[in-house]
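Residue-level structure breakdown
Now for the letters of each chain:
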Amino acid sequence: MRALLLTGPRQWQVAELPVPVTEPGHCLVRVAYVGLCGTDLAFYDGSSGYLRDGLKRYPFVVGHEWSGTVVEVGTGVQGFAVGDPVAGHNVVTCDACDRCRSGRRLHCRNRTEIGVLGTCPGVASEYICMPAKTLLPLPASLDLRSAAVLEPATASAHAVARLGVREGDAVAVLGTGTLGLAAVQIARSTGARVTAVGVEAAGLALARELGAEAVLRPEEAEDDAYGAVIEATGAEPAIALAPRLVAPGGRLAFLGVPHGPVPAFPSAQLVMKNLEVHGVLSGIEQWDALLRLVVHGHVDLGALIDGVLPLASAGDALTALAGGRRSRPKVLLEIGGRSGSADLTEGAA
């Protein structure tokens, strides 16, 4: 099978690798689409903290946002059949440690993250062998392109849930990338009054289209004006701005991941304003809730997709992701596309 292999900073190739063997408790999936995000870009250009801290090493298959079709079901798996459209999260837990047993799966002592943390290969390949417990069956009404954006959107759903956003809340979302625009829609679905804060005109226009009540540049946003703020960029200026915008006694969620220290962060305001602060990682408990919002039309994931490129053009996709000249944030690689249910022998040829 073909797979997108990162071999060093700004070095990649479409490699020929063996099709994985279907393990017990797993499903073999023919990948349709793979979404690329800032985490993948940091792996590509070598700036990732995972690389810096020795938690990931070249070479490896990249990717953790995806959709596809089941082509083989492993022994012991129930609830899935060949031909089922699926997506899935990338966090693999042991289900045996004290944290897993107490319901804190995201904090599993032995967790790996497919394509991110540990030795599990990423999803940018024609076939992936996924633990069935990580998979989400998809309704036929949801197209596989949109489904490839479910994974990052669940993190946004996690942020909204952690802040307890509800009807009438004044919410500011910092950033108009995939995470920010998903958060705008999810917060808006609760009946909250949502303001999008960003620096890109196209992103702000899209935020307005997707339900933001107001769109502002950072210098236009009012201090102490929002009961809840979601920082969705990981950029130093936005991280420093977020505590200023929260009203005293308000709630703050950091969803974007900075690539280094943030010296300008006003930590004193966390104390002086008595803020409730959340760091938000992933959204493995939010898949079902998010899927309901998507199916009922409250969240439009397809609206976040700027372009779809073939696997052979992965370099162009990564360049587009880094370039910042897109009207919409998400870039997808088409691996199997509509032919996601192709025979295994065809994909392995």
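This text follows the structure it describes.
Residues numbered from 1 in each chain as written. Predicted model: local features only at pLDDT ≥ 70, side-chain atom pairs only at ≥ 80, totals over all residues. Heavy atoms only, no water.

**Some details on the packing of helix α5 (residues 150–162) against helix α6 (residues 178–189)**
For the pair α5 and α6, interaxial distance at closest approach is 8 Å and the crossing angle is 50°. Relative to α6, the element α5 is oriented oblique. Like other packed secondary-structure pairs, α5 and α6 cross with a definite hand, here right-handed. On α6, the residues that touch P152, A153, A155, S156, A157 and V160 of α5 are T178, L179, A182, A183, I186 and A187. (Axes fitted to C-alpha atoms, helices over the stretch in contact; angles between N-to-C directions. Helix = DSSP H or I, 4+ residues; strand = E, 2+ residues; numbered from the N terminus. Parallel < 35°, antiparallel > 145°, perpendicular 65-115°, else oblique. Left-handed = near helix turned anticlockwise from the far one by under 90°. Contact = heavy atoms within 4.5 Å.)

**Looking at the pattern of salt bridges**
Under the criterion given, the structure shown has 11 salt bridges. Residues E65 and K330 are paired through a salt bridge, measuring 2.8 Å at the closest nitrogen-oxygen approach. One end of the pair, E65, is in strand β5 (residues 65–73); the other, K330, is in strand β18 (residues 330–334), with 265 residues separating them in the sequence. The two residues E65 and K330 agree in class, both being buried. For R217, the salt bridge identified is with E219, shortest N-O distance 3.2 Å. Judged by its relative accessible area of 33%, R217 falls in the partly exposed class. According to the relative accessible area criterion, E219 is exposed, its value standing at 60%. Several salt bridges converge on common partners, so that one network encompasses R2, R30 and E126. (Salt bridge = Lys/Arg side-chain N within 4 Å of Asp/Glu carboxyl O. Buried < 20%, exposed > 50% of the residue type's maximum accessible area, 1.4 Å probe, protein only.)

**Looking at helix α11 (residues 314–323)**
The complete set of buried residues in α11 reads A314, G315, A317, L318 and L321. End-on, the buried residues of α11 take up no more than an arc of 160°, which puts them together on one face. Here the buried face of α11 lies against β1 (2–8), β2 (11–16), β3 (26–36), α1 (38–45), β17 (305–310) and β18. (Arc of directions from axis to C-beta.)

**Comments concerning the pairing of β1**
Within β1, 5 of the 7 residues are buried, which leaves the element mostly enclosed by the surrounding structure. Relative to strand β4 (residues 60–61), β1 runs antiparallel, the two being bridged by 2 bridges. The residue bridging L5 from the neighbouring strand is V61, located in β4. (Pairing = 2+ DSSP bridges.)

**Brief notes about unusual backbone geometry**
Cis geometry is adopted by the peptide bond preceding P59, which originates at Y58 and carries an omega value of -10°. Along the chain, P59 falls in the loop between α2 (49–52) and β4. Even without being glycine, D224 reaches a positive phi, approximately 60°. Position of D224 among the secondary structure elements: in the loop between β13 (214–216) and β14 (226–231). Take D224: its relative accessible area is 42%, and that puts it in the partly exposed class. The phi dihedral of N274 falls on the positive side, at around 55°, and the residue is not glycine. Tracing the sequence through the fold places N274 in the loop between α9 (268–272) and β16 (276–279).

**Here we look at the nonpolar core**
Core analysis: the biggest nonpolar cluster contains 50 residues, and L138, L150, V165, I230 and L301 have the highest contact counts within it. V165 has contacts with V160, V171, A187, T190, A192, A228 and R251, leaving out every residue within four places of it along the chain. Ranked by size, the runner-up nonpolar core spans 36 residues in total, among them L6, L36, L41 and V86. (Core = buried A, V, L, I, M, F, W, Y, C linked by side-chain atoms within 4.5 Å.)

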